Amino acid sequence: NDINQMIGNDSTKPMSARSEQIMATLQQRMKKLVDTLCQNLPDSAILLGGCIPYNNGLLDEKLTGATESNRAAWAARDRVSPMQELGVNHWVLMFNEWLRETYVPQLAAQGKHVYYVDVYARFILPDGSVRGWNNKEPENSNGPAGYADYGLHPNAFGYAQMTDAWAAAIAERMPGPTSEKGARK
């Protein structure tokens, strides 16, 4: 999860001015990791989890370029609620889209056993907003908090959401013993 890092040749510019550098760097890192895994473990199934959303009010528009007009434009481009566009989420969504719709299908077409796991969706509430980072009203009136600190790192509930996504993806792709009713033991 390097999406919030100062990638690019001028870290004084907002992230919106460095989006091509950010995405190229993230894609390069993922390709290197997956290539290494595929070379060393060619018969293994590789599950690639998308990044979880940010819910960090500490990331201001100077850092991210997330002006009100940019957030509206990004939400339209990303096909999400403007409440999800807190600046960094635009890059999270673009990276996850690249993984899910471009990179994983390319690998599958090459015969590689690489699959996408959607953990992002586990942090989105029914109204389209991102889960909060504390249990105080009104910041988190729509459901349990998913973050322990400032909307960056998951808390126990957030990790449980991620665990459920990973467990479902693993169970779907790994044969194993089943009970008489067909459920995994």
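Predicted model, so just to flag it, every value in this text is computed and none were measured.

Novice: Go over the overall build of the chain with me, naming the residues and quoting the values.
Specialist: Of regular secondary structure, the chain possesses five helices and four strands. Tracing the chain from N to C terminus, the helices and strands come up as α-β-α-α-α-β-β-β-α. Looking at the chain residue by residue over its 185 residues, the buried ones come to 41%. Summarising the internal contacts of the chain: among those between residues at least 6 apart in sequence, 59% fall at separations of at least 24.

Novice: With reference to specific residues and values, describe the environment of Met83.
Specialist: Examined against the element boundaries, Met83 turns out to sit in the loop between α3 (68-78) and α4 (88-109). Classification of Met83 as partly exposed rests on a relative accessible area of 41%. Taking the C-alpha atoms as reference points, Met83 and Gly128, 45 residues apart in sequence, are found 6.6 Å from one another. Residues in contact with Met83, not counting those within four places in the same chain, are Asp127, Gly128, Ser129 and Val130.

Novice: Help me get a handle on the pattern of salt bridges, residues and values and all.
Specialist: Tallying each qualifying case throughout the model produces four salt bridges. Two residues, Arg77 and Glu97, come together in a salt bridge whose shortest N-O distance is 3.0 Å. Placement of Arg77 in helix α3 and of Glu97 in helix α4 is noted, with a sequence separation of 20 residues between them. Its relative accessible area of 19% is what places Glu97 among the buried residues. With its nearest N and O atoms 3.2 Å apart, the salt bridge here joins Arg100 to Glu101. Classification of Arg100 as partly exposed rests on a relative accessible area of 35%. Of the residues examined, Glu101 reaches a relative accessible area of 43% and is grouped as partly exposed. Taken together, the shared-partner salt bridges in this structure form one network comprising Arg77, Asp78 and Glu97.

Novice: Provide a residue-level description of α3, including the pertinent values.
Specialist: Looking only at α3, the buried set comprises Trp74, Ala75 and Asp78. Viewed along the axis of α3, the buried residues span an arc of 100 degrees, placing them on a single side of the element. Facing away from the buried surface of α3 by more than 90 degrees, the exposed residues are Ser69 and Ala76. Note on α3: the residue one or two positions beyond its end, Arg79, has a positive phi of about 60 degrees.

Novice: I'd love a proper account of the packing of aromatic side chains, names of residues and values included.
Specialist: On inspection of all chains with the given rule, the structure shows two aromatic pairs. Ring centres 4.7 Å apart and planes at 10 degrees place the aromatic pair Trp98 and Tyr103 in the stacked group. Both residues of the pair, Trp98 and Tyr103, belong to the buried class. The rings of Phe95, Trp98 and Tyr103 are connected pair by pair, giving a single aromatic cluster.

Novice: Which residues make up helix α5 (residues 156-173), and what values go with them?
Specialist: The end-to-end C-alpha distance of α5 is 26 Å, a good match for the 26 Å that 18 residues give at a rise of 1.5 Å each. Listed as buried for α5 are Gly158, Gln161, Met162, Ala165 and Ala169. Buried residues in α5, looked at end-on, bunch into an arc of 95 degrees, giving them a common side. In this structure, the buried side of α5 is in contact with β1 (46-49), β2 (114-117) and β4 (153-154). In this structure Asn155 caps α5, since a side-chain oxygen of it lies 3.0 Å from the backbone nitrogen of Phe157.

Novice: Help me get a handle on the side chain of Gln161, residues and values and all.
Specialist: By the secondary structure assignment, Gln161 is in helix α5. In this structure Gln161 touches Arg122 and Phe123, once residues within four positions along its chain are discounted.

Definitions and limits used
Residues numbered from 1 in each chain as written. Predicted model: local features only at pLDDT ≥ 70, side-chain atom pairs only at ≥ 80, totals over all residues. Heavy atoms only, no water. Helix = DSSP H or I, 4+ residues; strand = E, 2+ residues; numbered from the N terminus. Buried < 20%, exposed > 50% of the residue type's maximum accessible area, 1.4 Å probe, protein only. Contact = heavy atoms within 4.5 Å. Salt bridge = Lys/Arg side-chain N within 4 Å of Asp/Glu carboxyl O. Arc of directions from axis to C-beta. Phe/Tyr/Trp six-rings, centres within 6.5 Å; stacked < 30°, edge-to-face > 60°. Expected span 1.5 Å × (residues − 1). Polar contact = N/O pair within 3.5 Å; in protein donor to acceptor, adjacent residues only side chain to side chain.

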